[in-house]
Amino acid sequence: MRTFNKTTYDSLEDFVYSKAKNPVILKNGMVIGGGMLYPEINFTLPTMTINKETMPQILEIYKEIATGICQRAHELYVPGFVAEIETLPPMTFNPQWGIDVCRTVADVLNEYSTKYGFMASLRITPNDIREGNDLEHMWHGSHWDSMLKTFEGCARNGADMLAIESVGGKEVHDEAVMFCDISKSIFALSVLGCKDMSKLWTEIVKVADSTGTIASGDTACGFANTAMVLADRNYIPKSFAAVVRVVSAIRSLIAIECGAKGPHKDCGYEGVYVKAISGIPISMEGKSSACAHLSPVGNVASCLADLWSNESIQHIKLLGGMAPTVCFEQLAYDCRLMNEASSKGNDKALFLRDCLADSDSIHDPQAYVLRPDVVLNISKQMIKEETYYDRAKRGALVTVNILRKAYDDKSLKLDDKELEWIDRIYDEIEDMPKTEQELTELMIPQCEKLSPEKYDLV
Amino acid sequence: MSNLQLISESVQKGRAKETVSYVSEAIKEGTSASDILNNGLLDGMSKLGIKFKNNEVYVPDVLVAARALTKGLEELKPLMISEDIKPIGKVVLGTVKGDLHDIGKNLVKMMLIGNGFEVIDLGVDVSAESFVNAVKKNEPDIVALSALLTTTMSQQGEIVKALTANGLREKVKVMVGGAPVTQAFCDEIGADAYAADAATSAEIAKIFAIHK
C-alpha cells in the first residue's frame, strides 16, 4: 500500500489544470493530466422505470446518447473525451444490466472513434448499493458480490476506467450533516469511510489489474456534496460544508494508497486535495454541472481539472439537440479555451487559473477552500499527520482557521450566522478525543443508524 | 415570563431538559393540555419555523428544537390523552421503492412534527404494498412520498394506483416531493399536492388538515 506523508506539489507554479505530476495513459493513447484538458461527459436516463421489460429500450437510449455525443465531438474537432456511466441502483443489483449498458456505450465509442479518429474512453461507476436494512455486511454478502460482479463484468466489456462513489459511513454522515455535528462527520469520514475505502479499493484494484483497466478514483459525493446541496439551500452553514469537503479528501485519498491511478472522479471537489498530495490527474465539474445542481464553485472548480465534467444530465430534448449532446458541446468549448491559454505558455495558464479562482472564492467558503494556494497549504498540513483521524482533525482545524483569517482579511464574505458556526465548529474539534479508539467508543452509542458489526467494529 | 412563554422559548433554543421541566410545572399549575401544546410547545416551533423561513437559523437549530418539542410532548402525553387532545393530523411518510435517499424525507418529517402532526415514518425503499398496509393500519390523513431519482419517481404514481386499487385513495391526501418531481408530474400521476421543500410540505399539510 502506498503511503503519502507530503504533497507531490511544492510550488503553485506547477499546480494547474491539465497537468498532473503522475498522468494516466489510457489504452487508446489518451494522456490525462499530460497537458491537454479533455471533456468528461456524464448522462442519465429520462424519467422511466428500470426493469427487465424496459431494458431493451434503455439500451437504445444509451446508444442514442453515445451516438449524439460522438457526432458532436466530430463536428467540434474534439481530440478526445471520456464518457462516464454511473449505473443506477437496479443496474448494480442486476449486474448484467449494468454490463449491457457498458457494452452498448463502449461499442458506440469504438465505432465512432475509429470512424472519425478521435480518442474516446469509457469510465464505469457502479452505483454503491450497500445501504438499507437488508445489507448483510459492508464487505461480504449479496450487495458486495453484485457490486464486484458489476465492476468485473464492465471491465471485461468495454470500460477503460473503474470508479465509484462509495458510501461507507454515509448512514452516520447523513445525520452528522443534518445536525452539523463535526465530531460525527469526522468519525464517519475518517474512521468508517477510511476503513471501507481500504477494503473496497483493494478489491477494485485487483479487478483492474486482472482486466487491464485503470482503477481511477472514488469521490465523497454522498458526504461532501450532500453537505454542499444543503448549504446551498441555506439549510446548513456553508462553512460546515467547506470543512466537510476538506476532511473528505482523507478518505478519497485511500483509493490512491490502494493502487488507483486516477483520474479522480468528478463530483468530488476534494479531488484537488487528492491531486496536491498524490499528483494524480482529476476530473472536476463546476459551472458545467448547473444542469444537475447549483454550484457555488462554478469557475474555481476548473483551476486544477485534468478532465472537465458536467456531473450528469438527463436525456431530454432541448432546442439545441438532446441534453447530453448540448452539455458536451459546452464542455468542449470550455476545454478549447483553457487549452488555448495553456498553449500560449504556463504564465497564461496560471493567469487564467487565478482569474477562475479569484472570481469565485470571495463569495463562498466552499469556493475558498478550492483555491489552489489554499489547497496546497491545507494539504501540506493535513498530510503531515500519521493517522487518518489526526489528518481529518488537523484538516478541519486548519480550514476553520483559514476561513476565519480570510474573513478578517476581507478576502472572504461571511455573515454573522456563518461566523458563529465557525466558532462552534472550532470549539467542537478542539474538544474531540485524542485517539480514533476513543472517538469510536464515544460515537458508536450516539449513532442510531450505525450497525457496528457491518464494519467489524464489534 | 409565563410558563407557556418559557416552554416556547426553551423549545426555540432546543433545550430539551428545560422544556420538560416547564411542561411539568405548567401541568402542576393546572394549565390545560391544549394550552401547553398550542401556546407553549407548538408556539415555540412555529416561531422558530418563521426564523428558518427567513434564513435566520439553520436546520440543526430546528432539529434540536424538534427534539425538545418531542421530549415536551412525551411529558404532556398522559394529560393529552385524558383531555382527548389529538394531533392536528396524521401522516404516513416514506421514500419510494428503489430509492435510498432519506435526508429530504427526514427534513419533511421534522417540519411536520414541528407543526403538530403525528408522523409514521416508513423509512426508505418502501414498496407500494407497504404504503397500502400502513394506510390500512394507521388511517392517516396524508400520505407523503419522497423520490430523488428520475428512475424512481414513477413509483409515486404506482403508489397512487395501489391506493386506488385498494379503495383507499379517497380517504387520504397524497403529497409528493423530491428533486426531479414537478407540479406537472404530480398532476400526471393524480397526487393531490407537490411540495418543493420541507417547509412548504408542512404548510400544505396544515391546509389539508384544516379542511379535512
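A quick note: this is a predicted structure, and the numbers were derived from the prediction, not measured.

### Some words on the overall build of chain A
Phase 1 of the analysis: Helix and strand counts for chain A stand at 16 helices and 11 strands.
Phase 2 of the analysis: Relative to the globule expectation of 23 Å for 458 residues, the C-alpha radius of gyration of chain A, 21 Å, shows essentially globular dimensions.
Phase 3 of the analysis: In terms of principal-axis extent, the alpha carbons of chain A reach across some 60 × 55 × 40 Å.
Phase 4 of the analysis: With 458 residues in all, chain A has 60% of them scored as buried.
Phase 5 of the analysis: Excluding contacts between residues fewer than 6 apart, the proportion of contacts in chain A whose partners are at least 24 apart in sequence is 72%.

### As for helix H2 (residues 16-28) of chain B
An α-helix turns once every 3.6 residues. As a result, residues three or four positions apart point the same way.
Residue and element names in this part refer to chain B.
Phase 1 of the analysis: In a regular helix each residue adds 1.5 Å, so 13 residues correspond to 18 Å; H2 covers 18 Å between its end C-alpha atoms and thus fits that length.
Phase 2 of the analysis: Within H2, the full set of buried residues consists of Thr19, Tyr22, Val23 and Ala26. Along the axis of H2, the buried positions cluster into a sector of 100°, meaning they face one direction only. Looking at H2, the residues exposed on the side facing more than 90 degrees away from the buried face are Lys17 and Lys28.
Phase 3 of the analysis: Backbone geometry just downstream of H2 places glycine 30 in the positive-phi region, at approximately 90°.

### Things to note about the pairing of strand E2 (residues 117-121) of chain B
All names here are of chain B.
Phase 1 of the analysis: Taking every second residue as pointing to the same face, the buried face of E2 carries Phe117, Val119 and Asp121, while none of Glu118 and Ile120 on the other face is buried.
Phase 2 of the analysis: Direction of pairing for strand E1 (residues 89-95) relative to E2: parallel, over a ladder of 5 bridges. What sits directly across from lysine 90, in E2, is glutamate 118.
Phase 3 of the analysis: Following the chain from E1 across helix H5 (residues 103-114) to the adjacent parallel E2, one finds a crossover that is right-handed.

### Considerations on the sheet that holds strand E8 (residues 283-285) of chain A
Residue and element names in this part refer to chain A.
Phase 1 of the analysis: Spatially, the 7 strands line up as an open sheet ordered E7-E6-E5-E4-E3-E9-E8, and their pairing is parallel. If you trace the sheet from one side to the other, it starts and ends with strand E7 (214-218) and E8, each paired once. Each neighbouring strand pair of the sheet contributes to a mean axis angle of 30°, computed without reference to strand direction.
Phase 2 of the analysis: Two elements, E8 and strand E9 (residues 307-309), share 3 bridges in a ladder whose sense is parallel. Each bridged residue has a counterpart across the sheet, and for methionine 284 the counterpart in E9 is tryptophan 308.

### Some thoughts on the pairing of strand E4 (residues 173-177) of chain B
Residues and elements named next belong to chain B.
Phase 1 of the analysis: Counting buried positions along E4 gives 5 out of 5 residues, so the element sits mostly inside the fold.
Phase 2 of the analysis: Going residue by residue along E4, you find Lys173, Met175 and Gly177 tucked away on one face and Val174 and Val176 tucked away on the opposite face as well.
Phase 3 of the analysis: Pairing analysis gives 5 bridges linking strand E3 (residues 142-146) to E4, with the strands arranged parallel. Bridging from a neighbouring strand, serine 146 pairs with glycine 177 of E4.
Phase 4 of the analysis: In terms of handedness, the path from E3 via helix H7 (residues 154-165) over to E4 forms a crossover that is right-handed.
Phase 5 of the analysis: Bridge count for E4 against strand E5 (residues 193-194) is 2 bridges, and the pairing is parallel.

### Notes on the environment of serine 198 of chain A
Residues and elements named next belong to chain A.
Phase 1 of the analysis: With respect to the helices, strands and loops of the structure, serine 198 is situated in helix H6 (residues 182-211).
Phase 2 of the analysis: Given 17 C-beta atoms within a 10 Å radius, serine 198 is considered partly exposed.
Phase 3 of the analysis: With 59 residues separating them in the primary sequence, serine 198 and glutamate 257 have C-alpha atoms 8.4 Å apart.
Phase 4 of the analysis: Not counting residues within four places of it along the chain, the set of residues in contact with serine 198 comprises Ile254 and Cys258.

### Quick notes on the sheet that holds E5 of chain B
Residues and elements named next belong to chain B.
Phase 1 of the analysis: Spatially, the 5 strands line up as an open sheet ordered E2-E1-E3-E4-E5, and their pairing is parallel. For this open sheet the edge positions go to E2 and E5, each flanked by a neighbour on one side alone.
Phase 2 of the analysis: On the sheet, helix H6 (residues 128-138) packs against E1, E2 and E3 and is oriented at approximately 165° with respect to E1.
Phase 3 of the analysis: Strands in contact with helix H9 (residues 198-210) are E1, E2, E3, E4 and E5; relative to E4, the strand with the most contacts, it is inclined by about 170°.

### What about the interface of chain B and chain A?
Phase 1 of the analysis: At the interface, 18 residues of chain B touch 22 residues of chain A.
Phase 2 of the analysis: For the side of chain B that touches chain A, the secondary structure elements donating two or more residues are helix H4 (59-82) and H5 of chain B.
Phase 3 of the analysis: With 3 residues, the single largest contributor to the side of chain B that touches chain A is H4 of chain B.
Phase 4 of the analysis: Counted by class, the side of chain B that touches chain A contains 10 nonpolar, 6 polar and 2 charged residues.

### So, the confidence of the model for chain B
Reading predicted coordinates in detail is not appropriate for stretches of low pLDDT.
Phase 1 of the analysis: With 100% of its residues at a pLDDT of at least 70, chain B reaches an overall mean of 93.
Phase 2 of the analysis: Here the complex is predicted with pTM 0.92, and the ipTM for its interfaces comes to 0.88.

### Quick word on the nonpolar core
Phase 1 of the analysis: Core analysis: the biggest nonpolar cluster contains 226 residues, and Ala83, Val105, Leu162, Ala227, Ile236 and Val243 of chain A have the highest contact counts within it.
Phase 2 of the analysis: Here this core takes 14 residues from H6 of chain A, the largest share from any one element.
Phase 3 of the analysis: Mapped onto the domain boundaries, this core takes at least three residues apiece from domain 1 (3-82) and domain 2 (89-210) of chain B.
Phase 4 of the analysis: With residues near it in sequence (within four places) discarded, alanine 83 of chain A still touches Ile41, Ala66, Ile69, Val105, Leu109, Ala120 and Leu122 of chain A.

### Some details on the domain arrangement of chain B
Residue and element names in this part refer to chain B.
Phase 1 of the analysis: Segmenting chain B into domains produces domain 1 (3-82) and domain 2 (89-210).
Phase 2 of the analysis: A C-alpha centroid distance of 26 Å is found between domain 1 and domain 2.
Phase 3 of the analysis: Tallying the contact residues gives 11 residues for domain 1 and 7 residues for domain 2.
Phase 4 of the analysis: Those elements that provide at least two residues to the side of domain 1 that touches domain 2 are helix H3 (33-53) and H4.
Phase 5 of the analysis: If you tally residues by element for the side of domain 1 that touches domain 2, the top one is H4, at 6 residues.
Phase 6 of the analysis: Among the residues forming the side of domain 1 that touches domain 2, the class breakdown is 8 nonpolar, 2 polar and 1 charged.

### Things to note about helix H8 (residues 238-257) of chain A
Residue and element names in this part refer to chain A.
Phase 1 of the analysis: The end-to-end C-alpha distance of H8, which contains 20 residues, comes to 30 Å, matching closely the 28 Å that a straight helix rising 1.5 Å per residue would cover.
Phase 2 of the analysis: Maximum bend of H8: about 30°, positioned at isoleucine 250.
Phase 3 of the analysis: Judged by how many residues are buried, H8 sits mostly within the fold: 19 of 20 residues are covered.
Phase 4 of the analysis: Phi turns positive, to about 125°, at glycine 259, one or two residues after H8.

### Here's the deal with the environment of aspartate 232 of chain A
Phase 1 of the analysis: The residue aspartate 232 of chain A is located in helix H7 (residues 221-232) in this model.
Phase 2 of the analysis: Residues aspartate 232 of chain A and glycine 153 of chain A, 79 residues apart in the sequence, show an inter-C-alpha distance of 38 Å.

About the thresholds
Within each chain, residues carry numbers counting from 1 in the order of the written sequence. To read the labels, note that chains go from A and ligands from 1, taken in the order they are written. Residues qualify for local features only when their pLDDT is at least 70, as the model is predicted, and side-chain atom pairs are given and counted only at 80 or more; totals for whole chains, interfaces and linings, by contrast, use all residues. Note on conventions: DSSP H or I runs of at least 4 residues are helices, E runs of at least 2 residues are strands, and numbering of each starts at the N terminus. In this description the radius of gyration comes from C-alpha coordinates, and the expected globular size is given by 2.2 Å times residues to the power 0.38. Whether a residue is buried, exposed or partly exposed is read from the other C-beta atoms within 10 Å of its own C-beta, which are placed from the backbone; 20 or more gives buried, 12 or fewer gives exposed, and intermediate counts give partly exposed. Note on contacts: each residue gets a C-beta atom placed from the backbone, and two residues are in contact if those atoms are within 7 Å. Each residue after the first adds 1.5 Å to the expected span of a helix. The directions from the helix axis to the C-beta atoms are what the arc is built from. Following DSSP output, two strands are said to pair if at least two bridges run between them. For crossovers, right-handed means that the path from the first strand over the helix to the second runs clockwise, given strands pointing away from the viewer. Helix axes are fitted to C-alpha atoms over the stretch in contact, other axes to C-alpha atoms as well, and angles between N-to-C directions run from 0 to 180 degrees. Note on residue classes: Ala, Val, Leu, Ile, Met, Phe, Trp, Tyr, Cys and Pro are nonpolar, Asp, Glu, Lys and Arg are charged, and everything else, Gly too, is polar. Values of pLDDT, the confidence the predictor places in each residue, fall between 0 and 100. Throughout this description, the term nonpolar core refers to a group of buried Ala, Val, Leu, Ile, Met, Phe, Trp, Tyr and Cys residues whose C-beta atoms join them within 7 Å. Segment limits for the domains were obtained from an automatic or database-derived domain assignment. The term bend refers to the angle at a residue between two fitted axes, each drawn through seven residues, those ending there and those starting there.

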